[in-house]
Amino acid sequence: MIRRRALLAAGVVAPLAAGTQSPWAQSPWKGHYAVGMKQRTVQFAGSDGARLAGTLLLPLWSELQKVPGVVLIAGSGPTDRDGNNPLVPERINLLKLIAERLAEAGIASLRYDKRGIGASTPRPTGTLEVQERFFAWDNFVADVTAAHGELLRHDEIKPYATALLGHSEGGLLALAAAKALAASTTGARKLHGLVLAATPGRPLADIVRAQIARNAPSLLDAAERTMSTIMTTGHVPANLPREQHALFPPYAGPFLQSALAFDPAKTLVGLDLACLILQGAADRQIVPMVDVQPLIDALGQRSAPGEVVIVPGVSHNLKLITWPTDPGFAGPLAPAVGDKLVAWLRPLLGA
């Protein structure tokens, strides 16, 4: 089952007069309760001995009743729990903004620093073999399932109303973790929803080829040889030229061997799970529709509910762009994105 629509990237008109905000929010079971949110810093065990640090953001009315919860999963590179990357000079804050929008709607969220980043276990300083094992794909996937377990551990969370939301590469990890959770959890604690935001539908190897072809075509042949070696051996070749270091760090061989071959569309077909695909039409990293279409096709092959929303004028980081070359890093979450997340998740999870 699949619905497909395009939304105008504009805010929804509020029922209140301009400049006013109600101090109360409607709670479905307990009448009215004050608007607001509270945050809790958490630490929990990840895969293979790692400790992960995160933020649990709760709507205030979780003091009166249990609320749904969503695990937010960051994209590639050194992106922290809030969605910021030290390689980008601007504060993106994507996951923090999503968490706040969900809390306003009565939905809790857990976002966390990935292994090797922020307050989580840092990158090991041992041998290359130790670093490769630490950054293995399976560890990142298991960290997502551990984050879901940590979410369920908190008394304020409805154990029967949880979802994963992954952004960009985080969407690939969400897909892999959703498959693992489906195999390991049953009954009230099972996962109920999946949001893929700016997530590629083609294998990552195809995405990397396309990005290099668009941005640095002279490097494509060399990058192809590097990817072929990684996919065959599970190791990054030694003595790569400097221009390939950012794409293929020496310790990332096992991670990339799995990630480059991972087929997101095929994985989605096998999930009996409600899914929202949320994509900015102005995304220049995961390009509509060529990079997203396989996921859309996968939704159509399933019986589980699914919806696709392509938001005009919105960047890879789900922000409104103001001119054609605007990278869309800064500013608030695009209103249409936040509104769609709330409109889709609230009925699904019973917020």
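Residue numbers run consecutively from 1 along every chain, following the written order of its sequence. The predicted nature of this model means local features are confined to residues of pLDDT at least 70 and side-chain atom pairs, given and counted, to a pLDDT of 80 or more, with totals for whole chains, interfaces and linings taken over all residues. Excluding hydrogens and water, the side-chain figures rest on all heavy atoms present in the structure.

Turning next to the pattern of salt bridges. One side chain can pair with another of opposite charge once the charged atoms of both are near each other. Only one rule defines a salt bridge in this text: a Lys or Arg side-chain nitrogen within 4 Å of an Asp or Glu carboxyl oxygen. In total, this model carries 13 salt bridges according to the counting rule given. In this structure, the salt-bridge partner of Glu-156 is Arg-40, at a minimum N-O distance of 2.7 Å. Of the two residues, Glu-156 is situated in the loop between helix H3 (137-153) and strand S8 (157-167) and Arg-40 in strand S4 (residues 37-45); the sequence distance between them amounts to 116 residues. By relative accessible area, Glu-156 is classed as buried at 13%. Judged by relative accessible area, which is 28%, Arg-40 ranks as partly exposed. For Arg-209, the salt bridge is made with Glu-224, and the minimal N-O distance between the two is 2.7 Å. Here the residue Arg-209 occupies a position in helix H5 (residues 204-215), and Glu-224 occupies one in helix H6 (residues 220-233), the gap between them amounting to 15 residues. The classification of residues rests on relative accessible area computed with a 1.4 Å probe and restricted to protein chains. Under 20% of the type maximum is buried, over 50% is exposed, and intermediate values are partly exposed. Since its relative accessible area comes to 27%, Arg-209 is described here as partly exposed. Here Glu-224 falls in the partly exposed class, since its relative accessible area comes to 28%. Counting from the N terminus, the helices are the DSSP runs of H or I reaching at least four residues and the strands are the DSSP runs of E reaching at least two.

On to the packing of H3 against helix H4 (residues 169-184), then. One way to put it is that H3 packs onto H4 with a least axis distance of 9 Å and a crossing angle of 70°. The orientation of H3 relative to H4 falls into the category roughly perpendicular. You can see that H3 and H4 cross each other, and the crossing is right-handed. Here Trp-137, Phe-140, Val-141, Val-144, Thr-145 and His-148 of H3 lie close against H4, whose contacting residues are Leu-172, Leu-173, Ala-176, Ala-177, Ala-180 and Leu-181. Each residue is assigned to one class: nonpolar for Ala, Val, Leu, Ile, Met, Phe, Trp, Tyr, Cys and Pro, charged for Asp, Glu, Lys and Arg, and polar for all the others, Gly among them. Residue classes in the contact of H3 with H4 are distributed as 10 nonpolar, two polar and no charged. For helices, the fitted line uses only the C-alpha atoms of the stretch in contact; every axis is such a line through C-alpha atoms, and the angle between N-to-C directions lies from 0 to 180 degrees. Oblique is the label for every angle not falling under 35 degrees (roughly parallel), over 145 degrees (roughly antiparallel), or within 65 to 115 degrees (roughly perpendicular). Whether a crossing is left-handed or right-handed is set by the direction in which the near helix is turned from the far one by less than a right angle, anticlockwise for left-handed and clockwise for right-handed. Contacts are residue-level and defined by heavy atoms, with any inter-residue pair within 4.5 Å sufficient.

The subject of this paragraph is the confidence of the model for the protein. Mean pLDDT over the protein works out to 91, with 90% of the residues at or above the 70 mark. The pLDDT score gives, residue by residue, the confidence of the prediction method on a 0 to 100 scale. For residues 1-24, every residue scores under 50 in pLDDT, and the model assigns this stretch 50 contacts once sequence neighbours within four places are set aside.

With that out of the way, let us pick up the environment of Gly-280. Structurally, Gly-280 can be placed in strand S10 (residues 274-280). In this structure Gly-280 comes out as buried when scored by relative accessible area, which is 0%. Considered as a pair, Gly-280 and Leu-102 are 178 residues apart in the sequence and their alpha carbons are 19 Å apart. For Gly-280, the contacting residues outside a window of four places in its chain are Pro-288, Val-311, Val-314 and Ser-315.

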